[in-house]
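# Observations on chain architecture
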Amino acid sequence: MDIQRKLEILADAAKYDASCASSGTETRDSRDGKGMGSTDAGMGICHSYAPDGRCISLLKILLTNACNYDCLYCINRSSSNVQRARFTPEEAVKLTLDFYRRNYIEGLFLSSGIIRSPNYTMEQVVRVARSLREDHHFRGYIHLKTIPEADDELIAEAGKYADRLSINIEVPTESSLSKLAPEKDVRAIRRTMGRLRLKLDEASETKKDKRAARFAPAGQSTQMIIGADASNDQTILETSANLYGSYKLKRVYYSAFSPIPDASRSLPLKAPPLVREHRLYQADWLMRFYGFDIGEITDPLEGGMLPLDIDPKLAWALRHRDRFPLDVNRASREDLLRVPGFGVKTVDRIISARRVTNLCSADLARLRVPRNKVLPFIVLPDHKPAAQLLDSNRLLEIFRPPAAQLGFGF
């Protein structure tokens, strides 16, 4: 099989992994004339976005889509009738360098099916990163998928060369994992996450010592498949909160289950709505940056599910109308973060501006705040919402998106 056909197969096989992150690492470049690549802002196959809005392009491939495991939700499972391919480490290195020289990419996202053994697979993945760093002095971004059952020495070596490491938790509960992926062990996955956290903590403590060993400066992340089992959104968010607290993950990625050919009867017949994945990301941000607890985000009356027609912060505000309206010029930062339409940066700008002046409606316009969403929940010197509006049952209808006529495609 020629390398172009391998690339078509193995790039397509990698598309199901959503945790294609490329932010948070140390800054490197090759302006000194040594090596190749950088982690500075640039342009570019797999588009990932840094917190500052930069678009970073990564070559996203599997080393092989052959796999010993028969995970029911995976298109590359051992019983799947798909065409198999495999890159040698040298081919993966050459592809990365060739793509970089053509200004197609700024880094590499490398994963693999499990072949022979976890140690053998991890050693092949590490060989690619080692060759890029040591043989070709590649200074671009490298994200490696970690094999949970691999030896500590291989994990440590992967962290030496990679900017970020990730291990997929796969599904929200242990019972679902044992049913859908019987060869995988959630305890082994969590043990590896714990070992990674210890190594990351050690690297953080010795960060100022330039002689200290480098270890995955962009941290670790994971991914959960949504909709492959019966877990509700509250269970998913509880698992995420536990992972953030226990292992200091940079991100938990949510990937909506996609039906696959020749699927098991244990899997649902259709994919969950994509908007569910979007709502989980919004809820995840509420936990991480807005001070919300899980019990506040989901509603027991809704069966632990997030509403699909409105975002979770707005849903919380509508359930707690007694907390509003808030005086923008007096309310605390914690309370302002709970106003629908106010983001973290907007709240910080409001707090900074109100030290020298009283904010009014025109100031909100200058801050590019979605006024129609915000105004029912706030008080300003020149604005006070009507009491009957905030108490009205029609308030939800104001924010719910209007129904749209379905198209027929002709």
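As annotated in an unreviewed UniProt entry, the chain carries the name DNA modification/repair radical SAM protein and comes from Candidatus Afipia apatlaquensis. Taken verbatim from the UniProt record of the chain, the Cofactor (unreviewed entry) comment is "[4Fe-4S] cluster".

The next subject is the overall build of the chain. Regarding its fold elements, the chain presents 16 helices and 9 strands. Sorting the 410 residues of the chain into buried and exposed places 50% on the buried side.

Bringing unusual backbone geometry into the picture now. A cis geometry characterises the amide bond from Phe324 onward to Pro325, with omega recorded as 0 degrees. With respect to the element layout, Pro325 can be found in the loop between helix H10 (312-319) and strand E8 (326-327). One non-glycine residue, His137, lies in the positive phi region at around 55 degrees. Among the secondary structure elements, His137 is positioned in the loop between helix H3 (118-135) and strand E4 (141-145). Notably, Ala216 is not glycine yet its phi reads approximately 35 degrees, a positive angle. The residue Ala216 is located in the loop between helix H6 (186-205) and strand E6 (220-226) in this model. A relative accessible area of 2% means that Ala216 is categorised as buried.

Of note, Arg164 is situated in strand E5 (residues 164-166). Although buried, Arg164 forms no salt bridge, and the nearest oppositely charged side chain, Asp163, lies 9.1 Å from it. There is a polar contact of 2.9 Å between the side chain of Arg164 and the backbone oxygen of Ala218.

So, about the packing of helix H2 (residues 89-101) against H3. It is the contact of H2 with H3, at a shortest axis distance of 9 Å, that shows an interaxial angle of 45 degrees. The angle between the axes of H2 and H3 places the two elements in the oblique class. Judged by the twist between their axes, the crossing of H2 over H3 is right-handed. Touching Pro89, Glu90, Ala92, Val93, Thr96 and Leu97 of H2 are Gln124, Arg127, Val128, Ser131 and Leu132, all from H3. Residues of the contact of H2 with H3, tallied by class, amount to 6 nonpolar, 3 polar and 2 charged.

What counts as what
- Residues numbered from 1 in each chain as written.
- Predicted model: local features only at pLDDT ≥ 70, side-chain atom pairs only at ≥ 80, totals over all residues.
- Heavy atoms only, no water.
- UniProt positions renumbered as here; feature names shortened; annotations may be inferred.
- Helix = DSSP H or I, 4+ residues; strand = E, 2+ residues; numbered from the N terminus.
- Buried < 20%, exposed > 50% of the residue type's maximum accessible area, 1.4 Å probe, protein only.
- Lys, Arg positive; Asp, Glu negative; His and termini not counted.
- Salt bridge = Lys/Arg side-chain N within 4 Å of Asp/Glu carboxyl O.
- Polar contact = N/O pair within 3.5 Å; in protein donor to acceptor, adjacent residues only side chain to side chain.
- Axes fitted to C-alpha atoms, helices over the stretch in contact; angles between N-to-C directions.
- Parallel < 35°, antiparallel > 145°, perpendicular 65-115°, else oblique.
- Left-handed = near helix turned anticlockwise from the far one by under 90°.
- Contact = heavy atoms within 4.5 Å.
- Nonpolar A, V, L, I, M, F, W, Y, C, P; charged D, E, K, R; others polar.

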